[in-house]
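Structural overview for review
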Amino acid sequence: MADRILLAHGSGGKLSHELVRQIFLPVFDNDVLNRLDDRAEIETSGVRLAFTTDSFVVNPPFFAGGDIGKLAVCGTVNDLAMGGADPLFLSAGFIIEEGFPMELLKKIVESMRQTCDESGVKIVCGDTKVVEKGSVDRIFINTSGIGAVPEGVSISGSRAKPGDKVIINGYIGDHGMAVMAQRQGLTFKKDISSDCAPLNGLVKEMLGVTKDIHVLRDPTRGGVATTLNEIAGQSGVGIVLWEETLPIRNQVAAACEILGFDPLYVANEGKVLAVVPADKAGRMLESMKKNRYGTESAVIGEVVSDHPGRVVLATGIGGHRIVDMLVGEQLPRIC
Amino acid sequence: MNMRFLKEYRDGNLAREILGEIKKISLKPAKLMEVCGTHTVSIFRHGIRDILPENINLISGPGCPVCVTPNKHIDEAIELCRRPDVVLTTFGDMMKVPGSGSSLAAEKAEGADIRIVYSTMDAVDIARDNPDREVVFFGIGFETTSPTIAAAVLRAEREGVSNFSIVGAQKLIPEAIRALLENNEVGVNGFILPGHVSALIGIEPYRFIASEFGIPAVIIGFEPVDILQGIHMLVKQIEAGEARTEIQYTRGVPPGGNPHAMKILFSVFEPGDALWRGIGSIPGTGLKLKKEYRRFDAVGRFGIEITGDREHPGCRCGDVLRGVKTPLDCGLYGKACIPENPVGPCMVSVEGTCAAYYKYGMRRSG
Amino acid sequence: MCLAVPAKIISVKDSVAEVEIGGVWRAVSLDLVPEAVVDDYVLVHAGFAIQVVDEEEALKTLELFKEIMEHEHEVS
């Protein structure tokens, strides 16, 4: 392991996993944490609670389609929703650089409230720290959240079974590219917005189709590729993706060509990957398409018993390739 | 919305048709070297190895500018970025490559001011906007990239940006191919020549491959339909016992290349010797600043002198770059040397052969 | 060794062009292809246009494939 923390340790890829497994897990060691789902599930006085936390350091804090405040609420709401939980209460912690404009803080807070309203959660406690100029980049936000897990729902990264279908609720890579484009001097003819959205409403409707959803997970940092690798690893199954079915916006695909990125590794903030039994996939897709955050939903692959732990892409020309986890961050490249 | 000249060359039906043609005519064993790392990546990304008949064997060559950059130049860049007055600018590709003892990513974590740029012009802009700092550009690349470095030097001169300089580690391709052939280690039956280097230099510099060494060579584009059509052209020659140098990628490569860009390149640089990782010094394959532009040379300007540069003893990157060994023949590959902890540059660069092998699933069995 | 993507020139000012690919715009230098004009397609590498795409040749390449396909179907 490296003797210093590198940026790649925070990118959600292999080094992040290594950090968690080698530094945090052995020390904090307990059976709730050791499950490594996006949220903890705790049972207390007969009530099943889901609990999660997430920190937000996006640069720039305002981007097409959202801002750090909206992101902070969506991120935690979605982590809860990925367990089928009903998100209820959030905390909000702010770390702010001295000199940060009050006007912008107001905008961020207002955007958090709007997102809370949409997703039906309340921010019920909070904290603020201000640090000297240069100690943080403008503003960082942490949110934690609690939700209630309904009866009969058992969703986990370890439940994917051969034969299951993999569904995604729309275009891949919008968030990462909206943020990256701003940094890289790319402009879009028709603006690409972050897909940042609270997904608990969509998930609720999906659970209305069947409670027997095996896996839900939001492919944020590290993208679809990394998340599917996690699922394949946790469930001990293989996953096959069909290149031609992947929903990718023309503009995102083009920006990826220019920067040398692979859209499968670009971050999303309003996407859910669902692994569902094959006989429910058709109805699930139909239902998802009716939700405003699911109009472009598509079945993109299936779970297989071959190559356990690995994700394989069937390419458009009839070849196959392994899709590994993200290693490090994607950097714009010339070759 | 248009992605012309891209999408139509990824058409699965066309690709399958051409593949069928290849299968029909290909009988002899054919060892084809893709000189260029971008081909290596494209071949893996689209799963092309997977669908070719078994008698066609693709091997990777020395065409990843990151991989062939020896530790000496990486150490120079590291030495420079440690100076408090220096902003080091680089293409993203070089960040994670380990030098003798460190990498640019590690130096950045230690506090060095290293900025990733997409274009050499961005580096000149940074110099112009920071007149109290010294902005150094880490110049790697082949004939495709080097004219952009020359254009940046010319612009810095024109606009009087005096705090801009470069670490020059660029290389020239055709003579490196000659060196490979003269070494006579690999036994290649055909060359997949790099489309974008050729967009600049044209076809003439490669003629010797067919005329002197009797080996077919085709300049090929990077989309799956291009690659398959190019392989089809190579196989046709091989089966007929012919050897010609041809262009498949005609939409991007006029026979004469881009003489204007080459003129710009050679107004700033002149050919010199270059050290290639794994191959050694090859006369005439490097680029050094001409006398009148020598002041843009960062290594000279700051009096950088690298002595104890060393390569990792077990690393087989050199052999891999010459096509003599595959990553699977290296004792470190997949064990001590993995993408998250690379020993050699071929495991770092996105288009490094080892990284491509690893990422796209070529694991040692057992 | 070198990524380059085909992009269409939308406008030119002082040897810098605004180019478009798939709805994405970026400024690129025309220093290496000063002859390129609006509506040309250029190969863009590291912020520079390095070559003008020859549309006629591009079509010919695709035509050749079509011939192969048609020939194929006549035979079969």
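Whatever comes next refers back to the structure up there.
How each quantity is defined
- Residues numbered from 1 in each chain as written.
- Chains lettered and ligands numbered in written order.
- Predicted model: local features only at pLDDT ≥ 70, side-chain atom pairs only at ≥ 80, totals over all residues.
- Heavy atoms only, no water.
- Helix = DSSP H or I, 4+ residues; strand = E, 2+ residues; numbered from the N terminus.
- Rg over C-alpha atoms; globule rule 2.2 N^0.38 Å.
- Buried < 20%, exposed > 50% of the residue type's maximum accessible area, 1.4 Å probe, protein only.
- Contact = heavy atoms within 4.5 Å.
- Areas by Shrake-Rupley, 256 points an atom, 1.4 Å probe, with all protein chains shown as cover.
- Bend = angle between axes of the 7 residues up to and from the residue.
- Pairing = 2+ DSSP bridges.
- Axes fitted to C-alpha atoms, helices over the stretch in contact; angles between N-to-C directions.
- Buried area = accessible area lost by both parts, 1.4 Å probe.
- Polar contact = N/O pair within 3.5 Å; in protein donor to acceptor, adjacent residues only side chain to side chain.
- Nonpolar A, V, L, I, M, F, W, Y, C, P; charged D, E, K, R; others polar.
- Core = buried A, V, L, I, M, F, W, Y, C linked by side-chain atoms within 4.5 Å.
- Domains from an automatic or database assignment.
- Parallel < 35°, antiparallel > 145°, perpendicular 65-115°, else oblique.
- Left-handed = near helix turned anticlockwise from the far one by under 90°.
- Salt bridge = Lys/Arg side-chain N within 4 Å of Asp/Glu carboxyl O.

So, the overall build of chain A
Broken down by element type, chain A carries eight helices and 15 strands. In terms of overall dimensions, chain A is globule-like: its C-alpha atoms have a radius of gyration of 19 Å, near the 20 Å expected for 335 residues. Taken along its principal axes, the extent of the C-alpha atoms in chain A is 60 × 55 × 45 Å. Evaluated residue by residue, chain A yields a buried proportion of 57% over its 335 residues. Once local pairs closer than 6 in sequence are excluded, the contacts in chain A between residues at least 24 apart make up 83%. Surface exposure of chain A reaches about 13700 Å², of which carbon and sulfur atoms provide 53%.

So, helix 8 (residues 278-290) of chain A
At Met284 of chain A, helix 8 of chain A shows its strongest bend, of approximately 25 degrees. Along its buried surface, helix 8 of chain A packs onto strand 8 (165-168), helix 5 (200-209), strand 12 (273-276) and strand 13 (298-304) of chain A.

Describing the sheet that holds strand 13 of chain A
Residue and element names in this part refer to chain A. Taken together, the seven strands give an open sheet; going across it, the order is 10-12-8-13-11-14-15, and neighbouring strands pair in mixed fashion. One side of each edge strand has no neighbouring strand; the edge strands of this open sheet are strand 10 (215-217) and strand 15 (320-323). The average undirected angle you get between the axes of adjacent strands in this sheet is 25 degrees. Of the strand pairs in this sheet, strand 11 (residues 238-242) and strand 14 (residues 311-314) are connected by four bridges, and their pairing is parallel. By the bridge assignment, Ile239 is partnered in strand 14 with Val311.

Points about the interface of chain A and chain C
Contacts between chain A and chain C engage 16 residues on the former and 14 residues on the latter. Summed over both sides, the interface of chain A with chain C buries roughly 1200 Å², with 65% coming from carbon and sulfur. The largest share of the area that chain A buries against chain C comes from Lys189, Ile258 and Ile334 of chain A, three residues that together contribute 41% of it. On the surface where chain A and chain C come into contact, there are one residue pair in polar contact (both at pLDDT 80 or more). For the side of chain A that touches chain C, a count of residues per class yields seven nonpolar, six polar and three charged. Here strand 9 (residues 187-188) of chain A runs beside strand 3 (residues 24-29) of chain C; their pairing, made up of two bridges, is antiparallel. Paired with Phe188 of chain A across the two strands is Val24 of chain C, which belongs to strand 3 of chain C.

Examining the nonpolar core
Of all hydrophobic cores here, the largest spans 149 residues; its most connected members are Leu104, Phe164, Ile177, Phe191, Ile209 and Ile231 of chain B. Tallying contributions element by element places helix 12 (residues 224-240) of chain B first for this core, with eight residues. Mapping this core onto the domain boundaries places at least three of its residues in each of domain 1 (1-299 + 307-312) and domain 2 (317-359) of chain B. In this structure, Met177 and Val252 of chain A together with Leu30 and Ala49 of chain C belong to the second largest nonpolar core, which totals 33 residues.

Some thoughts on the packing of helix 1 (residues 12-25) of chain B against helix 12 of chain B
Between two packed helices, what matters for the description is the angle formed by their axes and the separation of those axes. Residue and element names in this part refer to chain B. Across the interface, helix 1 lies against helix 12 with an axial gap of 9 Å and an inter-helix angle of 15 degrees. The angle between the axes of helix 1 and helix 12 places the two elements in the roughly parallel class. For helix 1 against helix 12, the interelement crossing comes out left-handed. Listed contacts from helix 12 to Leu14, Ala15, Ile18, Leu19, Glu21, Ile22 and Ile25 of helix 1 are Val225, Leu228, Gln229, Ile231, His232, Val235, Lys236 and Glu239. Among the residues forming the contact of helix 1 with helix 12, the class breakdown is ten nonpolar, two polar and three charged.

Digging into the pattern of salt bridges
Pairing is possible between side chains that carry opposite charge, provided their charged atoms lie close to one another. Under the definition given, this model contains 45 salt bridges over all chains. The closest approach of N and O atoms between Glu55 of chain C and Arg4 of chain B, which form a salt bridge, is 3.2 Å. With one member in each of two chains, Glu55 of chain C in helix 1 (residues 55-75) and Arg4 of chain B in the segment before helix 1 form a pair that bridges those chains. Overall, the relative accessible area of 31% leaves Arg4 of chain B in the partly exposed class.

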